[in-house]
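Next come the chains, spelled out residue by residue.
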Amino acid sequence: MTPPNGAQALWQTLAAHGVGTVFGYPGGAIMPVYDALTLFPDIRHILARHEQGAIHAAEGWAKATGDLGVCLATSGPGATNLVTGLADAMMDSVPLLAITGNVARHLMGTDAFQEADITGITLPITKHNYVVQEAGDLPRVVAEAIHIARSGRPGPVLVDIPKDVQLAAFAGEVHGPQAPPEAPAPDPHALEAAVALLKEARRPVLMVGGGAQGAAAEVTAFARAWRIPTITTLMGLGAFPASDGLWLGMPGMHGSVAANRAISEADVLIGIGLRFDDRVTGRVKDFASRASIIHIDLDAAEISKIVRAHVPVRADAGRAARLLTERAQPLSHPEWTATLAEWRTRGEHPAHWGAAQAVRQVVSRLGPGDILSTDVGQHQMLAAQLARFDRPRRWLTSGGLGTMGFGFPAAIGAALAEPGVTSMVIAGDGGFQMTAQELATLTKYGIRNVKICIVNNSYLGMVRQWQELFHERRYSEVYLGDSNPDFLKLADAYGISGWRADNADDLEGAIDAWLAHDGSALLEVVVPNEHGVFPMVPAGAALSEMIETEPQAVPGGRA
Amino acid sequence: MSADHLVSVLVRDEPRVLTRITSLFGRRAYNIRSLSVGRTEQPGVSRMTFVVTGDRNIVEQAMKQLEKLHDVLHVVDHGLHKYVDRELVLLKVAITPESRVEVRQIAEDFRARIVDVGRHALTFEVTGDEGKVTAFIEQMRPFGILETMRTGRVALTRGSNADLPGQVFHGGETEVLRPVLEAPEPSETQAGGMPGVS
């Protein structure tokens with residue numbers, strides 16, 4: 001029997017932290033860890049087909065559950081394949097532990113086979129990272145890494161373990177999890193100032209971001225108690241129920257007319273758990289230029305980073321929302337409410353056949369507990385505009401980094417975390433091909449609840465839309481239609497059933513069959529090439545300068 | 001208004017800390033005019049003093065970003081309290097038989113110490129605030145400066161309003177470097193021993 005070593009200490013520590021599922025891909029420098037895995041039958045390892053698939057699946061797991069996602073990779077090329085996922089997790093504050101093997105300590109720095117300075121590479125895209133120097137340090141370091149990943153504003157932490165450290169004898173103790181530190185109590189003066197502003201507000205707006213996904217109940221109670229019209233950002237979708245009459249939609253580049261006009265006209269804007277991304281603000285100097293801004297965030301560095309806060313409140317979203325609810329005075333703004341109601345009817349997508357109609361038909365079939373993941377591009381923005389989320393953590397998308405290839409593996413991670421719900425992914429024909437090899441993962445583990453929808457417009461649609469609007473329709477290197485695979489045959493090759501539709505009527509039937517199919521399945525929806533996503537605020541413009549509906553159709557296919 | 005801001009940072013004395021901090025500055029395009037690093041009286045704690053150029057917003061943002069790093073124990077904005085600061089320069093100046101006396105006279109005025117004497121050059125050590133060091137270099141320039149090395153500024157808060165690690169953290173050595181996590185609690189997994197081994 002193998003004597004206890006560092007690799008076993010690693011698994012023991014993960015088990016002690018309740019880690020039951022890890023996503024990974026083996027290789028030379030992580031082999032002792034994979035060898036020790038055989039001693040831990042209670043830990044489920046999901047073998048992806050690419051390390052990027054593994055880390056996005058871990059992100060999907062984390063985003064759906066709010067809990068830690070864990071992934072494993074070997075040194076060098078294995079580790080560098082995690083880089084995109086780490087940057088993605090950093091941008092979207094995903095609690096993630098990435099474990100990489102490295103060459104033995106005496107080889108580190110010698111340009112040894114499959115060596116890369118992964119801690120150096122990932123310094124700016126991790127919350128923290130470590131190289132473990134002694135097997136005896138492993139349990140402490142891993143426990144600390146998990147603690148850092150989960151606590152405060154969550155994020156990715158990488159632990160790099162040289163191969164000889166994995167193999168070194170280990171005789172120490174493992175660390176169990178520790179309660180995260182209490183979030184700082186909000187400054188009572190700041191809260192008082194926020195209450196005073198809200199009381200006097202005539203055109204108040206609440207903006208809810210991804211940082212409130214874990215505090216949806218408190219934030220919703222706060223908005224309802226004060227009766228404040230509420231906007232959810234791309235990352236905040238579901239943190240306030242879309243079915244509530246106070247909801248105005250999503251703000252920003254492809255936000256709703258109501259949300260963007262509300263921001264431009266608001267006299268008090270309260271933001272909670274968000275970071276005023278440039279896709280949300282448009283031209284910053286014109287963002288909410290009539291409003292006093294109250295910014296609540298756990299991360300002090302986000303407050304006044306982009307938009308100067310008149311009332312900065314450093315606090316946990318749930319705690320701040322609870323305290324503000326206690327001070328609630330239901331506001332009454334009949335004029336504001338009427339104006340918002342009028343704006344809410346604006347900027348609807350036309351009902352004729354196209355990507356918007358297709359996405360509308362597909363997302364309307366999501367049940368309340370179902371999860372929707374997307375890739376990045378037009379279909380993502382359409383899904384964000386058209387899906388209606390009443391619960392948090394049901395919407396998984398790559399917000400900050402805009403990572404193509406994210407959606408499908410993320411849906412796999414979410415499907416494994418919650419086998420009882422449908423984990424639907426909407427992808428484009430471009431993004432799907434970046435991680436399409438994970439079809440094998442569905443088959444290998446008999447994952448039955450992933451429903452893949454490819455909206456195929458034969459283009460990198462969002463890039464094409466920008467070329468149409470801002471580059472005089474010079475469609476440079478965005479046409480995919482001449483070389484896309486037959487997606488149904490591709491799925492079939494991995495043992496996955498598929499359906500196809502190219503009009504609204506056929507789509508209904510195809511959706512029925514696709515969802516009724518007992519097992520994961522693929523639906524390809526073929527849509528016209530040149531539809532755009534509107535409303536749209538051109539890059540660098542102010543939110544008030546949004547284009548509400550699609551301009552007259554442009555002639556021709558490929559230019 | 002772009003200006004120089006003096007900031008000290010107490011950090012864990014661990015590998016990569018310097019890279020971590022300078023990469024943060026680099027990525028966010030905060031310009032570092034000078035940087036000094038050294039150990040403190042407290043084992044395991046190093047101190048860095050930066051001069052950051054930028055407007056008030058940039059400096060505030062830089063400090064907040066620094067505070068987020070796990071390796072950063074404390075950030076001191078010297079703009080908030082009175083401080084003493086010093087910089088050291090080693091300066092090698094060319095001399096001729098005619099200029100030797102004048103150079104030495106100027107050096108004396110600056111209380112510069114001669115640390116090396118060559119046939120055609122003298123090397124001086126000058127300590128002082130940034131203005132004094134700069135003035136000394138300017139005085140020597142006409143004679144022909146061969147080499148200089150400035151350390152960058154170092155600073156301490158004046159008086160008892162100190163930013164020594166022990167006082168900042170109120171508990172001395174153990175408190176400063178207390179690990180993020182306490183000693184391990186025996187876990188259930190462990191009680192069963194190493195799987196497949198015991």
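Residues numbered from 1 in each chain as written. Chains lettered and ligands numbered in written order. Predicted model: local features only at pLDDT ≥ 70, side-chain atom pairs only at ≥ 80, totals over all residues. Heavy atoms only, no water.

Peer 1: Would you mind going over the overall build of chain A with me for this structure?
Peer 2: The number of helices and strands found in chain A is 22 helices and 18 strands. The C-alpha radius of gyration of chain A comes to 24 Å, within 12% of the 24 Å expected for a compact globule of 559 residues. Dimensions of chain A, computed from the C-alpha atoms along their principal axes, are close to 75 × 60 × 40 Å. Expressed as a percentage of its 559 residues, the buried residues of chain A come to 60%. (Helix = DSSP H or I, 4+ residues; strand = E, 2+ residues; numbered from the N terminus. Rg over C-alpha atoms; globule rule 2.2 N^0.38 Å. Buried < 20%, exposed > 50% of the residue type's maximum accessible area, 1.4 Å probe, protein only.)

Peer 1: In this structure, what is going on with the environment of glutamine 178 of chain A? I would like to understand it.
Peer 2: Along the chain, the position of glutamine 178 of chain A falls in the loop between α8 (163-167) and α9 (188-200). Taking the C-alpha atoms as reference, glutamine 178 of chain A lies 29 Å from tyrosine 25 of chain A; in sequence the two are 153 residues apart.

Peer 1: Where do I start with the confidence of the model for chain B in this structure?
Peer 2: If pLDDT is low for a region, its predicted coordinates should not be looked at in detail. Residue and element names in this part refer to chain B. In this model, chain B carries an average pLDDT of 84, and 80% of its residues clear a pLDDT of 70 or more. Ranking the elements of chain B by mean pLDDT puts helix α7 (residues 188-191) last with 40 and strand β7 (residues 121-128) first with 97. Note on residues 183-198: pLDDT under 50 across the span, and 29 contacts to partners over four residues away in sequence or across chains. (pLDDT = per-residue confidence, 0-100. Contact = heavy atoms within 4.5 Å.)

Peer 1: Sorry if this is basic, but what is going on with helix α1 (residues 17-27) of chain B here?
Peer 2: For an α-helix the count is 3.6 residues per turn, leaving residues at separations of three or four pointing the same way. Every buried residue of α1 of chain B is accounted for by Val17, Arg20, Ile21, Leu24 and Phe25 of chain B. Axial view of α1 of chain B: buried residues confined to an arc of 130 degrees, hence all on one face. Residues Gly26 and Arg27 of chain B are exposed on α1 of chain B and point more than 90 degrees away from its buried face. Contacts from the buried residues of α1 of chain B go to β5 (128-131) of chain A together with β1 (3-12), β2 (31-39), β3 (45-54), α2 (56-68) and β4 (72-77) of chain B. Alanine 29 of chain B lies just past α1 of chain B and shows a positive phi near 60 degrees. (Arc of directions from axis to C-beta.)

Peer 1: Is there a simple way to explain a nonpolar patch on the surface in this structure?
Peer 2: A cluster of nonpolar side chains, Leu90, Val115 and Met149 of chain B, forms an exposed patch at the surface whose accessible area comes to about 260 Å². Summarising the element assignment, leucine 90 of chain B is placed in strand β5 (residues 83-94). (Patch = residues over 30% accessible without salt bridge, like charges linked within 9 Å, V, L, I, M, F, W, Y side chains within 5 Å. Areas by Shrake-Rupley, 256 points an atom, 1.4 Å probe, with all protein chains shown as cover. Salt bridge = Lys/Arg side-chain N within 4 Å of Asp/Glu carboxyl O.)

Peer 1: Is there a simple way to explain the UniProt feature "domain: Thiamine pyrophosphate enzyme central" (unreviewed entry) in chain A in this structure?
Peer 2: UniProt records the feature "domain: Thiamine pyrophosphate enzyme central" (unreviewed entry) at residues 191-322 of chain A, using the numbering of this structure. Summarising residues 191-322 of chain A: 30% helix, 20% strand, and an end-to-end C-alpha distance of 11 Å. (UniProt positions renumbered as here; feature names shortened; annotations may be inferred.)

Peer 1: Would you mind showing me how to read the sheet that holds strand β15 (residues 423-428) of chain A here?
Peer 2: Through backbone hydrogen bonds, the strands of a sheet pair up, either in parallel or in antiparallel fashion. Residue and element names in this part refer to chain A. Pairing in this open sheet of 6 strands is parallel, and the strands run β14-β13-β15-β16-β18-β17 from one edge to the other. Of all the strands in the sheet, just β14 (395-396) and β17 (497-501) have a single pairing partner and so form its edges. Bridging between β15 and strand β16 (residues 450-456) involves 6 bridges; their strand directions are parallel. By the bridge assignment for β16, valine 425 is matched with isoleucine 452. Along the sheet face, helix α15 (residues 355-363) touches β13 (371-374), β15, β16 and β18 (521-526) and points at about 170 degrees away from the line of β15. (Pairing = 2+ DSSP bridges. Axes fitted to C-alpha atoms, helices over the stretch in contact; angles between N-to-C directions.)

Peer 1: Hey, could you run me through the UniProt feature "domain: Thiamine pyrophosphate enzyme N-terminal TPP-binding" (unreviewed entry) in chain A in this one?
Peer 2: Using the residue numbers shown here, the UniProt feature "domain: Thiamine pyrophosphate enzyme N-terminal TPP-binding" (unreviewed entry) corresponds to residues 5-119 of chain A. Within the segment residues 5-119 of chain A, helix and strand shares are 42% and 17% respectively, and the terminal C-alpha atoms sit 23 Å apart.

Peer 1: How should I be thinking about the nonpolar core in this particular structure?
Peer 2: The nonpolar side chains of a soluble globular protein tend to be buried, and buried together. Residue and element names in this part refer to chain A. In this structure, Leu206, Phe222, Ile294, Ile296, Leu324, Leu372 and Leu523 are the most contacted members of the largest nonpolar core, which totals 68 residues. Here this core takes 6 residues from α15, the largest share from any one element. Domain assignment of the residues forming this core places at least three in each of domain 2 (188-344) and domain 3 (355-540). Leave out the neighbours within four places in its chain, and isoleucine 294 touches Ala194, Leu197, Leu198, Val268, Leu269, Ile270, Gly271, Val311 and Val313. Ala54, Ile452, Phe487 and Leu522 belong to the second largest nonpolar core, which has 42 residues in total. (Core = buried A, V, L, I, M, F, W, Y, C linked by side-chain atoms within 4.5 Å. Domains from an automatic or database assignment.)

Peer 1: In this structure, what is going on with the packing of aromatic side chains? I would like to understand it.
Peer 2: Two numbers describe a pair of aromatic rings. These are the distance of the centres and the angle of the planes. Under the definition given, this model contains 13 aromatic pairs over all chains. Taking the centre distance of 5.2 Å and the plane angle of 65 degrees together, the rings of tyrosine 459 of chain A and tyrosine 479 of chain A count as edge-to-face. One end of the pair, tyrosine 459 of chain A, is in the loop between β16 and α20 (461-470); the other, tyrosine 479 of chain A, is in the loop between α20 and α21 (487-493), and 20 residues separate them in sequence. Since its relative accessible area comes to 28%, tyrosine 479 of chain A is described here as partly exposed. When the ring of phenylalanine 25 of chain B is compared with that of tyrosine 30 of chain B, the centres are 5.9 Å apart and the planes differ by 85 degrees; the resulting orientation is edge-to-face. With respect to burial, phenylalanine 25 of chain B and tyrosine 30 of chain B carry one shared label: buried. The ring centre of tyrosine 459 of chain A lies 5.7 Å from the NZ or CZ of arginine 464 of chain A, which sits over that ring. (Phe/Tyr/Trp six-rings, centres within 6.5 Å; stacked < 30°, edge-to-face > 60°. Lys NZ or Arg CZ within 6 Å of the ring centre and 35° of its normal.)

Peer 1: How should I be thinking about the layout of surface pockets in this particular structure?
Peer 2: The gaps of empty space that remain are located by a probe, the size of a water molecule, rolled over the atoms. By volume, the second largest pocket is sized at about 680 Å³. Considering the residues around the second largest pocket, the lining is formed by 30 residues, among which Asn129, Tyr130 and Val131 of chain A together with Glu14 and Pro15 of chain B are closest to the centre. Of all the secondary structure elements, the ones that give two or more residues to the lining of the second largest pocket are β5 and α7 (138-150) of chain A. Examining the composition of the lining of the second largest pocket, we find that 4 residues originate from one element, β5 of chain A, more than from any other. Taken together, the residues of the lining of the second largest pocket break down into 10 nonpolar, 8 polar and 12 charged. (1 Å grid on protein atoms, 1.4 Å probe; cavity = no way out; pocket = protein on both sides within 12 Å on 5 of 7 lines; lining within 4 Å. Points joined across faces, edges and corners; volume = space filled by probe spheres on them. Nonpolar A, V, L, I, M, F, W, Y, C, P; charged D, E, K, R; others polar.)

Peer 1: Quick question: what am I supposed to make of the pairing of β1 of chain B here?
Peer 2: Each regular strand carries side chains that alternate between the two faces of the sheet. Residue and element names in this part refer to chain B. Buried residues dominate β1, accounting for 8 of its 10 residues. Looking at chain direction, β1 and β3 are connected through 10 bridges and run antiparallel. Looking at the pairing, leucine 6 lines up with valine 51 of β3. When β1 meets β4, the two strands line up antiparallel, connected through 5 bridges. Across the sheet, valine 11 pairs through a bridge with valine 72, a residue of β4.

Peer 1: Before we go on, may I ask you to explain the pattern of salt bridges in this structure?
Peer 2: Oppositely charged side chains may form a pair once their charged atoms are brought near each other. Applying the stated criterion across every chain yields a total of 43 salt bridges over all chains. Between glutamate 342 of chain A and arginine 346 of chain A there is a salt bridge, with its nearest N and O atoms 3.3 Å apart. Owing to a relative accessible area of 42%, glutamate 342 of chain A belongs among the partly exposed residues under this scheme. Of the charged contacts in the structure, one is a salt bridge between arginine 56 of chain B and aspartate 77 of chain B, with a shortest N-O distance of 2.7 Å. Of this pair, arginine 56 of chain B sits in helix α2 while aspartate 77 of chain B is found in strand β4, placing the two residues 21 residues apart along the sequence. In this structure arginine 56 of chain B comes out as partly exposed when scored by relative accessible area, which is 35%. Through salt bridges with shared partners, one network takes in Arg153, Asp299, Glu302 and Lys305 of chain A together with Lys68 of chain B.

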